[in-house]
Amino acid sequence: MQAICDVLIAEINPDVSITIVDSTPLRSSRGDKEAKIGIHVTIGFYKGYKLHLLCTGKEEVLPLFWILTTANKHDSTQEELLYRAWNYNSKILLADAGYDCNRWFDIANRLEIKFVAGVNRRNMRNEENVKNRFRAENIKFLGTEEGKKLYKLRMKIEKLFSKLKGEYNLEN
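In every chain, residue numbers begin from 1 and rise along the written sequence. In view of the model being predicted, local features appear only for residues whose pLDDT reaches at least 70, and side-chain atom pairs are presented and counted only at 80 or more, with totals across whole chains, interfaces and linings using the full set of residues. Side-chain numbers come from the whole structure's heavy atoms, not from hydrogens or water.

*Asks:* Looking at this structure, how should I read the overall build of the chain?
*Replies:* Assigned secondary structure in the chain consists of six helices and six strands. For the radius of gyration, the atoms used are the C-alpha atoms, and the globule rule reads 2.2 Å times the number of residues raised to 0.38. Against the globule reference of 16 Å for 172 residues, the chain gives a C-alpha radius of gyration of 16 Å, in line with a compact fold. Seen along its three principal axes, the alpha-carbon backbone of the chain occupies a region of about 50 × 40 × 25 Å. Exposed residues in this analysis have more than 50% of their type's maximum accessible area, buried residues have under 20%, and partly exposed residues fall in between, with area computed by a 1.4 Å probe over protein chains only. For the chain, with 172 residues in total, the buried portion stands at 47%. Only heavy atoms matter for contacts: two residues are in contact if any of them lie within 4.5 Å across the pair. When contacts within the chain are restricted to residue pairs at least 6 apart in sequence, those whose partners lie at least 24 apart make up 58%. A run of H or I in DSSP becomes a helix once it reaches four residues, and a run of E becomes a strand once it reaches two; helices and strands are each numbered from the N terminus.

*Asks:* I would appreciate a short explanation of the pattern of salt bridges in the present structure.
*Replies:* Note that side chains of opposite charge can pair when their charged atoms are close. Salt bridges are counted wherever a side-chain nitrogen of Lys or Arg sits within 4 Å of a carboxyl oxygen of Asp or Glu. By the definition in use, this model includes nine salt bridges. With a closest N to O distance of 3.1 Å, E137 and R133 form a salt bridge. In this pair, E137 and R133 both sit in helix α4 (residues 133-142), four residues apart, roughly one turn of the helix. Residue E137 is classed as partly exposed on the basis of its relative accessible area of 41%. On the basis of relative accessible area, R133 is assigned to the exposed category, the value being 53%. Put simply, E145 and K148 hold a salt bridge, and the shortest N to O gap is 3.9 Å. Residue E145 and its partner K148 are both found in helix α5 (residues 145-152); the two are separated by three residues, about one turn of the helix. A relative accessible area of 62% places E145 in the exposed class. A relative accessible area of 40% places K148 in the partly exposed class. Sharing partners across several salt bridges, the network here consists of D22, R154 and E158.

*Asks:* Please clarify how the packing of aromatic side chains should be interpreted in this entry.
*Replies:* Two measures describe an aromatic ring pair: the distance that separates the ring centres and the angle between the ring planes. Two rings from Phe, Tyr or Trp (for Trp, the six-membered ring) form a pair when their centres sit within 6.5 Å of each other. Planes less than 30 degrees apart are called stacked, planes more than 60 degrees apart edge-to-face, and all others tilted. Under the definition given, this model contains three aromatic pairs. Plain terms: the ring middles of Y99 and W104 are 4.9 Å apart, the flat faces sit at 65 degrees to each other, and that makes the pair edge-to-face. Comparing Y99 with W104, the two get one shared label, buried. Ring centres 4.8 Å apart and planes at 65 degrees place the aromatic pair F105 and F115 in the edge-to-face group. Of the two residues, F105 is situated in helix α3 (residues 102-111) and F115 in strand β6 (residues 114-117); the sequence distance between them amounts to ten residues.

*Asks:* Explanation requested: the packing of α3 against α4 in the structure shown.
*Replies:* The axes of two packed helices give the description: the angle between them and the distance between them. Between α3 and α4, the least distance of the axes is 8 Å, while the angle of their chain directions is 95 degrees. With respect to each other, α3 and α4 are oriented roughly perpendicular. Between α3, through N102, F105, D106 and N109, and α4, the contact on the second element is made entirely by F134, R135 and N138. Angles shown run from 0 to 180 degrees and are taken between the N-to-C directions of axes, each axis being a line fitted to C-alpha atoms and, for helices, limited to the stretch in contact. Should an angle lie under 35 degrees it is considered roughly parallel, over 145 roughly antiparallel, and from 65 to 115 roughly perpendicular; all remaining angles are considered oblique.

*Asks:* So what exactly am I meant to see when it comes to the environment of I20 here?
*Replies:* Within the secondary structure, I20 sits in strand β1 (residues 18-27). In sequence terms I20 and W86 are 66 residues apart; their C-alpha atoms lie 12 Å from each other. Once residues within four sequence positions are removed from consideration, I20 is found in contact with L53, L54, C55, T56, G57, L93, L94, L153, R154, K156 and I157.

*Asks:* Please explain unusual backbone geometry as it appears in this structure.
*Replies:* Phi is mostly negative for residues that are not glycine, and the peptide bonds are mostly trans. Of note, the phi angle at N13 is positive, near 55 degrees, even though the residue is not glycine. By the secondary structure assignment, N13 is in the loop between α1 (2-12) and β1. The class of N13 is exposed, set by a relative accessible area of 62%. A positive phi is found at N89, a non-glycine position, where the angle reads about 65 degrees. Within the element layout of this structure, N89 appears in the loop between α2 (80-87) and β5 (92-95). Looking at N89, the relative accessible area reads 54%, which means it is exposed.

So, in structure tokens, the structure goes:
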């Protein structure tokens, strides 16, 4: 399926200068023996899977790459999404606070991608004591008008998840 997506993306040639990464929970049936227990901010504990997705972040929102894991896998463990953004020559990668960790900022810096992630307050005592330079710069950037405007583009992936679940019945 991913190979078909790659061919279509090559034909469409979308603007991938800004990409977005996130995950969405997919609940499973009671009898699913491979599903695992996970936790999500809005639905709490659930049994199932997670769809981790990389998509375009400009006008036309298109899925570029995805990974399906059990629900117990944390978002920040899916670095393959970051490398895929680099493969697409993305210049900016947007993510929610689930990806706010030193490892993602360090990898993005090595790949020369501007990584903009929501701030995970549980990962720090206070903003002034953040030791990772790239995370500290991200916190300052999100406080600027430019940072706020750019970060709002992240909502596009939420709308895509909503469409996949609502119109295309992804969860069932």
